[in-house]
Amino acid sequence: MSMINKEVSDFSVQACVNGEFKTVTKADIMGKWSIFFFYPADFTFVCPTELEDLQNKYADFQKEGCEIYSVSCDSHFVHKAWQDHSEKIGKITYPMLADPTHALARDFEVLIEADGMAERGSFIVNPEGKIVVYEVNAGGVGRNADELYRRLLACQFVADHGDQVCPAKWQPGAETLKPSLDLVGAL
């Protein structure tokens, strides 16, 4: 079943943000764009490369009014220990959400029940708290922050220009399409 337009359920979780602990709730995501970036576990192999890639692009996401939330089923204490012991993870300034009860992983349908870990799932959530883009990768396949950012910009464009859509590889400033009967079979 599709997750598109599914509203994120109420939640309240602990997060590690710049070495400090704070609570993040559904209220925090409302009214702005959000990325929920699920990964299997702290202290692993592919995950730190992805999280560092997101950190390197974080200022661009923030400039577009979008917050990044990385999420694993580890506790906020484990997130802090990872930040304290990994050069790559120590650079992270976006919230690292702890999901030891698996509430978020279940809500976003990425929980691997047998392992108690999350799949590699990326979700763009609009200001109304609804999922507008999602992708789930196999555990051994890392993701690309540049492509996630491009998709965020496309979602924002379509939200602001409801009569236009973005074709493949669309970039800001590039030509868009206005769906109409004239386009059927013409592309």
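Here the structure is a predicted model, which is why all the values come from computation and not from measurement.

Some points on the packing of aromatic side chains
Taken as a whole and judged by the stated rule, the model has 13 aromatic pairs. Measuring from centroid to centroid gives 5.7 Å for Phe 38 and Phe 123, while their planes differ by 80 degrees, and the two rings are edge-to-face. Within this pair, whereas Phe 38 is found in strand S3 (residues 33–38), its partner Phe 123 is found in strand S8 (residues 120–125), the two being separated by 85 residues in sequence. Just as Phe 38 is buried, Phe 123 falls in that class too. Over the ring of Phe 37 we find Arg 143, and its NZ or CZ is 3.6 Å from the ring centre.

Some points on the UniProt feature "active site" (unreviewed entry) in the chain
UniProt tags Cys 47 as "active site" (unreviewed entry). Counting through the fold element by element, Cys 47 comes out in helix H2 (residues 46–63). On the accessibility criterion, Cys 47 (0% relative accessible area) is buried. Apart from residues no more than four positions distant in its own chain, Cys 47 is found in contact with Tyr 39, Pro 40, Ala 41, Trp 82 and Arg 120.

Quick look at a nonpolar patch on the surface
A cluster of nonpolar side chains, contributed by Ile 4, Tyr 134 and Val 136, occupies part of the molecular surface with about 230 Å² of accessible area. Taking relative accessible area as the criterion, Val 136 reaches 42% and is therefore assigned partly exposed.

Considering the pairing of S8
Burial analysis of S8 places six of its six residues in the buried class, which makes it a mostly covered element. Burial along S8 is two-sided: the face carrying Arg 120, Ser 122 and Ile 124 and the face carrying Gly 121, Phe 123 and Val 125 are both buried. Here four bridges tie S3 to S8, and the two strands are oriented antiparallel to one another. Residue pairing for S8: Ile 35 is matched across the bridge by Ile 124.

Examining the nonpolar core
Counting residues in each nonpolar core, the largest one holds 27 residues, and the members touching the most others are Ile 35, Leu 51, Leu 54, Phe 61 and Ile 124. Ranked by the residues each element gives to this core, the list is headed by helix H6 (residues 145–160), at eight residues. Grouped together as the second largest cluster of nonpolar side chains are 23 residues, Phe 11, Tyr 69, Phe 123 and Ile 131 included.

Let's talk about the pairing of strand S2 (residues 20–25)
Looking along a regular strand, one sees side chains alternate from face to face of the sheet. Bridging between strand S1 (residues 12–17) and S2 involves six bridges; their strand directions are antiparallel. Bridge pairing in S2 links Val 13 to Val 24.

Conventions we followed
Along each chain, residues carry numbers from 1 onward, in the same order as the chain's sequence is written. The predicted nature of this model means local features are confined to residues of pLDDT at least 70 and side-chain atom pairs, given and counted, to a pLDDT of 80 or more, with totals for whole chains, interfaces and linings taken over all residues. Side-chain figures throughout are based on the complete set of non-hydrogen atoms in the structure, without hydrogens or water. Here a Phe, Tyr or Trp ring, Trp counted by its six-membered ring, pairs with any other such ring whose centre lies within 6.5 Å, and the pair is stacked when the planes are under 30 degrees apart, edge-to-face when over 60, and tilted otherwise. Strands are runs of DSSP state E lasting at least 2 residues, helices are runs of H or I lasting at least 4, and numbering of each runs from the N terminus. Only protein chains enter the accessibility calculation, which uses a 1.4 Å probe; a residue is then buried when its area is under 20% of its type maximum, exposed when over 50%, and partly exposed in between. The criterion is that NZ of a Lys, or CZ of an Arg, lies within 6 Å of the ring centre and within 35 degrees of the ring normal, and then a charge sits over that ring. UniProt positions are given in the numbering used here, feature names are shortened, and annotations may be inferred rather than shown by experiment. Working rule for contacts: check all heavy atoms of both residues, and any pair within 4.5 Å makes them a contact. For patch detection, residues must exceed 30% relative accessible area and be free of salt bridges, and they are connected within 9 Å for like charges or within 5 Å for nonpolar side chains (Val, Leu, Ile, Met, Phe, Trp, Tyr). Calculation of accessible area relied on Shrake-Rupley with a 1.4 Å probe; when residues are assessed, cover is drawn exclusively from the protein chains displayed. What counts as a salt bridge is simple: a side-chain nitrogen of Lys or Arg found within 4 Å of a carboxyl oxygen of Asp or Glu. At least two bridges found by DSSP between two strands is the condition for calling them paired. For the purposes of this section, nonpolar cores are sets of buried Ala, Val, Leu, Ile, Met, Phe, Trp, Tyr and Cys residues that join through side-chain atoms within 4.5 Å.

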